[in-house]
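Here are the chains, one letter per residue:
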Amino acid sequence: MRGPLGAVIGSYTSSDGVTQMGGIIKHNRKCRDIIALFIFIAFWIAMIVNSSFGFNQGNPLRLTYGLDYKGNVCGDKHAHPGLGELELRYWQNPNQVYQSGLKDSQFKLVDARSICLLECPIPSDDSLYWVCDYPEGDIRLSMEDWINTNYDYFEFLTPEMRNSSLQLQGPCYPVIFPSVNVYWSCQFIARASNTSLKHWEQMGGVTINEDIVIDKSIHKSINSRSAVLKRYMADIGKAWPVLIVCGGILPLFLSVIWLMMIRHFVAAMPWITVVLFNVLIISVTMFFYVKAGWIGNDAISPIIGEHDPYINVFGRELTHLRAVTVLMTVIMAVSILTSIAIVRRILMATSVLKVAAKVIGEVQALIIFPLVPFAILAVFYMFWTSAALHLFSSGQIIQNDCNSNCCTYDLVAKRVNCDRCCGYSIHYTPHIGVSILFHLFGCYWATQFFVACSSTVVAGSVASYYWAHGETSHEIPFLSVFSSMKRLMRYSLGSVALGSLIVSFVESIRFLLESLRRKLKVSSHVHDSWIGKAAYKSSQCFLRCIEWTIKSINRNAYIMIAITGKSFFSASSIATDLIMNNILKIGRLNVIGDVILFLGKLCVSLSSSVFAFLMLDTHKYSSGHNKTSSPLFPVVVCWALGYTVATLFFAVVEMSIDTIVLSFCQDSEEHQGTAQYAPPLLIETLGNQSEMHRLTQGSQ
């Protein structure tokens, strides 16, 4: 068993002979874990450099819009020619689309000739429409005139140009198939217009293939995993007002309200939290059912704008949404059953929350202090999100080497060119993937770091309250928070950086192992065997237990860092000894209280999700220019942001309880089972004298 902390405990005598209170907080401090602090500073420098690469190489428009036959991004007003309003990608040559959809074809859709348009063209009822290349060379039309003529200048072509157009070599291509706007690409509908096709054949055009293949080829490209991932990232950029309101402002407001209610209505809060949690999780699950199309007719549609109601196009996003709906159903059932199970122990949670309510009432600045890390995290998340969008869209646009026998008419060279007719694609180098992973890790580490800093400051403030006998003085209400913040900034930033790094590292290992498991799963019978399933579930459970244990140890280590000023590992050792020696006391006091606090965080984050659903269901995000591909990713991000904000504010209550309990245990051990510094108000809040006697004596 470790020895007493000695001179750092309790009061100490200053050089002028005056006895000072709270020596454990102020005495014997020096900078700790300097190496970890240097690593954290180097990490921030690397984050800035990494983000600079993204801002230099990326273009978020690539996440939403496709490329044309010149390699321009549709919708890019800086392209040549300017495409500011031309956001839809349209494949001009239907035979190339058909060829790309054949099973054994070497020709890919990415090499099919595409152009950026304002709207998806529809075949004429009485004639033949054309979609011609951007006007250049001898075609003396401005881009505005080209748009006003519905991209058709066939009548101005020379006989040579008309002949190449009838061979599907441009510069004009017939509109034979109807198309609809599916996620900013014109999805062909495999039913050719009889009128247009008749005019085309009468003019002597080459045979155009009619088959469902032409539909499936584009549909497959639009719903590829990489395309869906890009759309999910683009949804974040489009729904940024939703993230600010539902991921920042709303959880901030709800968290402050929850703290105020804990302060004034502590007896009712456990009941309110449990009931509200069940209402919210049922509401969120029902919203998923609505958007999945299983309740009502409000399922998400990949088609943007007005379209034929008989045309049904489904995207991979709907499959993802339905999978999450099933998952939410299971979570809802488990959550409701768990809530019923803890009803009998809510009275115990009430007695635990009284401890935090008493401390918050005395150290009043604790209610508003989380605004500081909240503001820092808000600025960080805005910078990080912008950098993430640029990193995900970074890469070089290069022309493919398709080795295909295709020819197109070059308006500038005034001849048919068969050398450079392949399409363009974005080339991603391996280091871009590493940059994205580093960026994701950086977000998690920075979040853990700021949350840890907030927790340590709260712990230091509460410890000051405890070791001053709980007396209200000029220092306790406000200055203790600033004093605790000063001690953190001067002595313990390295220790906090080390603790947050350990949590982030363990979580990253779990993520990498999960990714490796998916890559190694090459045969279904291995995964379907009960041995494989048991091994997988056991490994997942083991890793989650390690993660939970480390987070728990870290939280108690931050408390001892705030109290004693020790290094991270020394503080962890002290906290572990205290917990092991007083496991029954801490377990009895904390378990139910932690459950109620966890449900409170979920209430805030689920409320954010509900309001995110409501905002994303408005016309702005369900149709038109800012239409999101799916509400799934913005809602999940709002939930995560709401949970993070709630964690910052609820840490006031969590750390108050844990700090008081650990300080009480330490006080009891140092004074032979009698806590000398426990304030009378705290003793009254914890319970009667017999309860105090049982706590101080512990189990024999």
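Residues numbered from 1 in each chain as written. Predicted model: local features only at pLDDT ≥ 70, side-chain atom pairs only at ≥ 80, totals over all residues. Heavy atoms only, no water.

1. Some remarks on the packing of aromatic side chains
By the definition in use, this model includes 30 aromatic pairs. Aromatic pair Trp 258 and Phe 650: ring centres 4.2 Å apart, planes at 20 degrees, arrangement stacked. Taken as a pair, Trp 258 in helix α9 (residues 240–264) and Phe 650 in helix α21 (residues 632–670) lie far apart in primary sequence, 392 residues in all. With a relative accessible area of 0%, Phe 650 lands in the buried category. Members of the aromatic cluster, connected to one another through ring pairs, are Phe 40, Phe 43, Trp 44, Phe 380, Tyr 381, Phe 438, Phe 441, Trp 445, Phe 449 and Phe 450. (Phe/Tyr/Trp six-rings, centres within 6.5 Å; stacked < 30°, edge-to-face > 60°. Helix = DSSP H or I, 4+ residues; strand = E, 2+ residues; numbered from the N terminus. Buried < 20%, exposed > 50% of the residue type's maximum accessible area, 1.4 Å probe, protein only.)

2. Brief notes about the packing of helix α10 (residues 269–291) against helix α11 (residues 316–342)
α11 packs onto α10 with a crossing angle of 160 degrees between their chain directions and a minimal axis gap of 9 Å. One element, α10, and the other, α11, form an angle in the roughly antiparallel class. Crossing hand, α10 versus α11: left-handed. For the pair formed by α10 and α11, the contact residues are Val 274, Phe 277, Asn 278, Ile 281, Ile 282, Val 284, Thr 285, Phe 288, Tyr 289 and Lys 291 on the first element and Leu 318, Leu 321, Val 324, Thr 325, Met 328, Thr 329, Ile 331, Met 332, Ser 335, Ile 336, Ser 339 and Ile 342 on the second. Considered class by class, the residues forming the contact of α10 with α11 number 15 nonpolar, six polar and one charged. (Axes fitted to C-alpha atoms, helices over the stretch in contact; angles between N-to-C directions. Parallel < 35°, antiparallel > 145°, perpendicular 65-115°, else oblique. Left-handed = near helix turned anticlockwise from the far one by under 90°. Contact = heavy atoms within 4.5 Å. Nonpolar A, V, L, I, M, F, W, Y, C, P; charged D, E, K, R; others polar.)

3. As for the packing of helix α8 (residues 225–238) against helix α13 (residues 371–392)
As a packed pair, α8 and α13 sit with axes 10 Å apart at the nearest point and diverge in direction by 150 degrees. Classified by the angle between their axes, α8 and α13 sit roughly antiparallel to one another. In this structure, α8 crosses over α13, and the sense of that crossing is left-handed. The residues of α13 that touch α8, namely those facing Leu 229, Met 233, Ile 236 and Gly 237, are Thr 385, Ala 388, Leu 389 and Phe 392. When the residues that make up the contact of α8 with α13 are grouped by side-chain class, the tally is six nonpolar, two polar and no charged.

4. Comments concerning the side chain of Glu 317
You can see Glu 317 is positioned in helix α11. Leave out the neighbours within four places in its chain, and Glu 317 touches Tyr 183, Asn 223, Val 228, Arg 231, Tyr 232, Ile 300, Ser 629 and Ser 630.

5. Looking at a nonpolar patch on the surface
A surface patch of nonpolar side chains, amounting to about 580 Å² of accessible area, comprises Ile 282, Met 286, Trp 294, Ile 295, Val 326, Val 330 and Val 334. Contributing elements (two or more residues each) for the nonpolar patch: α10 and α11. For the nonpolar patch, the element with the highest residue contribution is α11, accounting for three residues. Its location among the elements puts Ile 282 in helix α10. Residue Ile 282 is classed as partly exposed on the basis of its relative accessible area of 34%. (Patch = residues over 30% accessible without salt bridge, like charges linked within 9 Å, V, L, I, M, F, W, Y side chains within 5 Å. Areas by Shrake-Rupley, 256 points an atom, 1.4 Å probe, with all protein chains shown as cover. Salt bridge = Lys/Arg side-chain N within 4 Å of Asp/Glu carboxyl O.)

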